[in-house]
Each structure stands twice: as C-alpha cells, then as structure tokens.
Amino acid sequence: MRLESYQRIEDGRLKHSGHDYQDIAKTYGTPLYIFDEASFIERAKAYKAAIQSDYFETDILFASKALLTKAIAKLIAALDIGQDVVSAGEIYLGLEAGVDPKRMYFHGNNKLNSELLYAVDEGVGTIVIDNRQEMKRLEEICVKKGVNQRVLLRVNPGVEAHTHEYIKTADNDSKFGESVFDPAIYDIVQALSDSTHLQFAGFHSHIGSQIFDEESFMKAAEEMLAFAAEAQERVGMKVKEINFGGGFGVYYTEGDEPFQVVDFLPKFVERVHEKGIELGVNLEKVTIEPGRSLVNASGSTLYQVGDLKTTVGGKNYLFINGGMNDNIRPALYQAEYEAILTNKADQAPTKTYTIAGKACESGDKIIEAIDLPEAEPTDYLLVNGTGAYNFVMASNYNSIPVPGMIHINGDEIRATVAQQSFEDMYRTHL
Ligand SMILES: Cc1ncc(COP(=O)(O)O)c(C=O)c1O
Ligand SMILES: N[C@@H](CCCC[NH3+])C(=O)O
C-alpha cells in the first residue's frame, strides 16, 4: 500500500503520526474511520492560496457531500472556505457548526419546496437552480416571502470526461442541469435575468468526478465562457460568476495518476481570465467546489481480521469486521483500494487474498485481490483513501451500526463521531 505522509513503519508496525494503529484500535474499537486533520487543513489552505487571483474574487467551496460530520463542518468554518450543500440536512449541519450561510451554495436536482424554503429562511447565499421548473418554484417562494435570492443556473456544457458511468454528470442526458444545446436555454436565462426576486449572478457546471486530465477542466471552462458570452449577447445581461464545480481525481491504486491541484489552479485561473477577456466575459467571481480531492487521502478505515477461508475453487477470503456498510464504493462502482496489515507492515506478501465484509451479500468485497503476508484472526487491516464518499454513503444494511470516526492532528487524537448504537439505529422507529 502506498503510504501517506503521516504514515510510517516503525518496528514492523504501521503508525499514524507516531500512533500505533493497534493502540488506536484498542482505544477506539474497529471498524473505525480515521481522519488526518493536519493534512486536510494543509491541503485546504494550499487550495485557497492557489486559486487566489488579482483578476476576480475566488472561493473554494468544499463539496460536503464527500464528507460531512459536525467536526468537519467546524473545520470548514474555521478554514474560512465555503460549503457546497445538496440537501436541507447538509445546510442544517453546516449551520450547527457555524458555517456562514452566505458562503453556502445549494445544489441538487429536485430540491424539495421545504428545502428551498429552509435555504431561503436561513439566508443561504447562493441557490444553484438545476432546471426550469425549480426556477419557477423558487421564484414563487421568493415572491411569497418578499425576498431577493441570489442564484446561479446549472448548465451542462456537454464535455466528455473519462470516468465511471455512474459518476459522470455532464453528458446530454444527465439528470443534472439544463443543456447548453437545448434550444430553450436562452429563454430560461432571459427569465432569470428578468426575474424581480431572483438575483441572477451567473452559471455553474460540474463535468463529473474522479477526473484525471487537466484538459477536460480547461475545455469545460472555455465552453462555459463561450456560453456565458452568448448569453450576455442574447439576453443583455452581465455574467458575474461562474462556478466550475469539482471533480479532481485522486490516487486509490497503482495506475491512478492525479495531477497536483495546487499547480493546476493558477493555470486554470489564468486561462479563465484570458478566455474571458477574449470573449468579453468579465467575471467578478470564480468558484470551484472540490470534494474528493480535499479529503480522500486524509481518510482511512481500520478493521480487524476475523475468519479466513480458502474455497474449493482456491480463493483465499480474509473477512473483516466491516465491509460494504462502511464502504459501498467497490460494490457500487467497482472502485479499487489498497490495504496493509498494520501489525505485519514490514513482512513480505505471501498470499493473494480477497477482502470481504460480513454483510449478507456476495458483492460485499472491499478488495478483489491483494497480496499480503500470511494473515491471522485479530490482525488489523487498514484501507487507505477512504476519506471521501465512505462515511457519508454508509448504510445500516443487516442492522450493522455505522462506525465511529477519530481525527488525528499530530500528537492529538479526538473522537469526532461515536459508533452508532442499536438505540441510535432504531431511535426513530415508533
Ligand atoms: C455539483 C457538484 N459539485 C461538486 C462535486 C464534488 O466532486 P468531487 O468530489 O469529485 O470533487 C460534485 C460531485 O461529483 C457535484 O455533483
Ligand atoms: N459518490 C461518488 C461520487 C459522486 C459524486 C457526486 N456527484 C463516489 O464515491 O465516487
């Protein structure tokens, strides 16, 4: 397994900032989500600095769908970055943790009326309108309340990005946004521009997730600017902001070669500026909303090894005390991960294992094939790269509680999410 900067092997055991994973397991139990706060803070600050520009105001909006706990939301507030939210629940937790609602961007298709009302009432700064019906629903709400709401329109630039079918978001048949190729698109823009209660500031696009080529982002930005120029021309409005979405790819396994976001952002900002000048689009604000790339490498999941079994077909199963409940991504997207036996960290691999969970589902596997040293029950297995879309996608299938989470910041460890109890799981049952 490729180690992160905060991981070292000492005396044959893997440690996180000097903390032995075995001691962590004994204190906090397993399965356990572990989040390296120090590397997250460093990355968020580096992103913020890298997108700074003299040409326009910029903001990093953390796509909190990737990882949201009260502790994470408090960090967002402290780091002075914005929050991309996609439900009333995400708004609620952000507010609870002290995130400034003005720094929130509310996304999503089919936002419920109750959610739009909640967002307007709580002063969410920008609502990203997903489609024409939502525009009408939001306008009615704002008229009724007599408020003026800042909005962007999500459009689909139709840029093909190479990623898994299920996490693509910008092709012509996408459920998200309105297509720039729709003949009615400028009527929608006109209606927004004419609206008395929607303060139309510009556009949003997001081309997909786990994207490795810088050029897709550059191309999408150019398409968006060209569309903005056309909209300005046809509708006679000024496009003040474009939010270019998230989607930067990260390392999971060998062969994944992500680009350095901090090196990319200054080039991106420059390209947006130059193309903007060429097309006559003088943006006042440029925003991006990375999720995965900000948190994934800071997260890992610690399990204990249970039974081991070799099938008659010759497959060596290593069962862990978690699985698809805490990490649905392999089952859902054929996602791949790396792992290590933390207490045998310097031993050479001798066997190929299939890491499987304990749920009643044959697809409940975390890793299809991995070479490890001879494993024994009670060993500890650590899976890296689980910071994004693991905890937030956890389920109670088979009435298995969602694991707890700890944050590590150098010498300091603190529990930030308690493991769910059976009472928590069934608290709402009448
Ligand atoms: C609108 C929007 N913004 C931001 C993100 C975050 O994407 P990622 O976690 O890949 O950076 C997503 C998820 O794909 C999204 O749909
Ligand atoms: N949940 C997905 C990404 C969805 C991106 C949000 N639009 C994943 O785990 O990769």
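Just so we're clear, the structure is a prediction, and the values are computed from it rather than from any experiment. (Residues numbered from 1 in each chain as written. Chains lettered and ligands numbered in written order. Predicted model: local features only at pLDDT ≥ 70, side-chain atom pairs only at ≥ 80, totals over all residues. Heavy atoms only, no water.)

Considerations on the sheet that holds strand E1 (residues 7-10)
The cut-off we apply is this: A strand pair is defined by DSSP finding two or more bridges across the two strands. In this text, helices come from DSSP runs of H or I with a minimum length of four residues, and strands from runs of E with a minimum of two, each type numbered from the N-terminal end.
If you trace the 3 strands from one edge of the open sheet to the other, you get E1-E2-E3, paired in antiparallel fashion. Each edge of the open sheet is held by one strand with a lone partner, namely E1 and strand E3 (19-20). As judged from the 4 bridges shared by E1 and strand E2 (residues 13-16), these two strands associate in the antiparallel manner. Its bridge partner being in E2, Glu 10 is matched across the sheet by Arg 13.

With respect to unusual backbone geometry
Among all residues except glycine, the phi angle is most often negative; among peptide bonds, the trans geometry is most common. A cis amide bond links Thr 30 with the next residue in sequence, Pro 31, at an omega value of -10°. Tracing the sequence through the fold places Pro 31 in the loop between helix H1 (21-28) and strand E4 (32-36). Notably, Asn 110 is not glycine yet its phi reads approximately 55°, a positive angle. Mapping Asn 110 onto the fold places it in the loop between strand E7 (104-106) and helix H5 (113-122). Despite not being glycine, Thr 378 shows a phi value in the positive range, around 80°. Here Thr 378 shows up in the loop between strand E18 (365-372) and strand E19 (380-384).

As for the site of ligand 1
Let me state the cut-off plainly: We call a residue near a molecule or strand as soon as one heavy atom of that residue lies within 4 Å of the molecule or strand. Identification of polar contacts relies on pairs of N or O atoms within 3.5 Å, with a donor-acceptor requirement for protein atoms, meaning one able to donate a hydrogen and the other able to accept it, and with residues adjacent in sequence counted only if both atoms are side-chain atoms. For the accessible areas, the method is Shrake-Rupley and the probe is 1.4 Å, while residue cover comes only from the protein chains on display. Asp, Glu, Lys and Arg are counted as charged, while Ala, Val, Leu, Ile, Met, Phe, Trp, Tyr, Cys and Pro are counted as nonpolar; the rest, among them Gly, fall into the polar class.
Taken together, 14 residues lie near ligand 1, and His 206, Ser 209, Glu 289, Arg 292 and Tyr 389 sit nearest. Side-chain polar atom of Tyr 389 to an oxygen atom of ligand 1: 2.6 Å apart, as the coordinates give it. The fraction of the free accessible surface of ligand 1 (390 Å²) that becomes covered by protein chains is 94%. Considered class by class, the residues forming the shell around ligand 1 number 3 nonpolar, 6 polar and 5 charged.

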